[in-house]
Amino acid sequence: MVSNPSDTPGGGSQSCYLDRSRVTDRASFPPQYVRILSQLLDDGEEVTNSQQLGAMLQITSAQIRKDLSYFGRFGKQGRGYRVRHLLTELKQILGLDAEWNVAVVGVGRLGNAILNYPGFNPDGFHLVAAFDNNPRHLGEDVGGVSVEPMSAMAETVASRNITIAIVAVPSVHTQSVVDQLVECGVRAILNYAPITAQVPAGVWVRNIDPVLALQSMTTI
């Protein structure tokens, strides 16, 4: 374990014993904590606690403490957490202290919206490439990115160090697109198609299906 002490409001020390051996399990850690802590920091808050975080995330303070303890011990009982220190540690755990180059596959209406969304860059995700198999879109500038043919994917992924891809193609093409991305060395894929793509071990796919999400809300 690594001990990273920092100042606390009471003049003592706030310990963060971070178990680096468990950082490989970061995919299961809720990334919402980073957004909430960033918001608190922007609001000028220096210290927070599990009760405040729980209220903002609409979960119990006990769950907050359990989640944070998963990777180590942050803060001291009765003193809360130093916002900046905790944010820095969680960003490191989640790999959000780095810059990530991202490709978008499919530049229809959804792909256009993704490429034109300005919220990725501030969090370190840079949309640096776009691919489509429709000749009508090739060479278009979408959100400052020039659309390339699918045949250029391997060379572009390698030359621009792309590690994450967003798939925004019709369902019928999803599996073949994912297969091509995997062959090019992409190991993290965000899939907007309403199907579950099959990938080999070592590749992480996150599926986002807005219709499925809406269907889960019809019991209100």
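Residues numbered from 1 in each chain as written. Predicted model: local features only at pLDDT ≥ 70, side-chain atom pairs only at ≥ 80, totals over all residues. Heavy atoms only, no water.

Per an unreviewed UniProt entry, the protein goes by the name Redox-sensing transcriptional repressor Rex and belongs to Geodia barretti.

With that settled, the discussion passes to helix H1 (residues 32–42). Where H1 is concerned, the buried positions are Tyr33, Val34, Ile36, Leu37 and Leu40. The buried residues of H1 occupy an angular sector of 165° when the element is viewed end-on, so they sit on one face. Opposite the buried face of H1, at more than 90 degrees from it, the exposed residues are Arg35 and Asp42. A positive phi of about 85° marks Gly44, the residue just after H1. (Buried < 20%, exposed > 50% of the residue type's maximum accessible area, 1.4 Å probe, protein only. Helix = DSSP H or I, 4+ residues; strand = E, 2+ residues; numbered from the N terminus. Arc of directions from axis to C-beta.)

Another point: the nonpolar core. Among the nonpolar cores identified, the biggest contains 21 residues, and Val105, Phe131, Met153, Val167, Val177, Leu181 and Ile189 are the most heavily contacted of them. Sorting the residues of this core by element identifies strand S8 (100–105), strand S9 (125–132), helix H6 (153–159), strand S12 (162–167) and helix H7 (171–183) as the ones contributing at least two each. Of the residues forming this core, the biggest block, 4 residues, is contributed by H7. What Val105 contacts, discounting residues up to four positions off in sequence, is Phe131, Met150, Met153, Ile166, Val167, Ala168, Val169, Val177 and Leu181. Within the second largest apolar cluster, 15 residues are counted, among which are Leu40, Ile64, Leu68 and Leu87. (Core = buried A, V, L, I, M, F, W, Y, C linked by side-chain atoms within 4.5 Å. Contact = heavy atoms within 4.5 Å.)

The next subject is the pattern of salt bridges. Scanning the model with the defined rule gives 1 salt bridge in all. Note that Arg160 and Glu148 form a salt bridge whose closest N and O atoms lie 3.1 Å from each other. Highlighted residues: Arg160 in the loop between H6 and S12 and Glu148 in strand S11 (residues 145–149), separated in sequence by 12 residues. Judged by its relative accessible area of 13%, Glu148 falls in the buried class. (Salt bridge = Lys/Arg side-chain N within 4 Å of Asp/Glu carboxyl O.)

At a minimum axis distance of 8 Å, the contact between helix H2 (residues 50–57) and helix H3 (residues 61–69) shows a crossing angle of 105°. Here H2 lies roughly perpendicular to H3, going by the angle between them. Across the interface between the two elements, Ser50, Gln51, Leu53, Gly54 and Leu57 of H2 pack against Ser61, Ile64 and Arg65 of H3. Classifying every residue of the contact of H2 with H3 gives 3 nonpolar, 4 polar and 1 charged. (Axes fitted to C-alpha atoms, helices over the stretch in contact; angles between N-to-C directions. Parallel < 35°, antiparallel > 145°, perpendicular 65-115°, else oblique. Nonpolar A, V, L, I, M, F, W, Y, C, P; charged D, E, K, R; others polar.)

Before going further, it helps to spend a moment on the packing of H1 against helix H4 (residues 83–94). At a closest axis distance of 10 Å, the pairing of H1 and H4 adopts a crossing angle of 150°. It follows from the interaxial angle that H1 and H4 lie roughly antiparallel. Handedness of the crossing formed by H1 with H4: left-handed. Here Tyr33, Val34, Leu37, Ser38, Leu40 and Leu41 of H1 lie close against H4, whose contacting residues are Val83, Arg84, Leu86, Leu87, Leu90, Lys91 and Leu94. (Left-handed = near helix turned anticlockwise from the far one by under 90°.)

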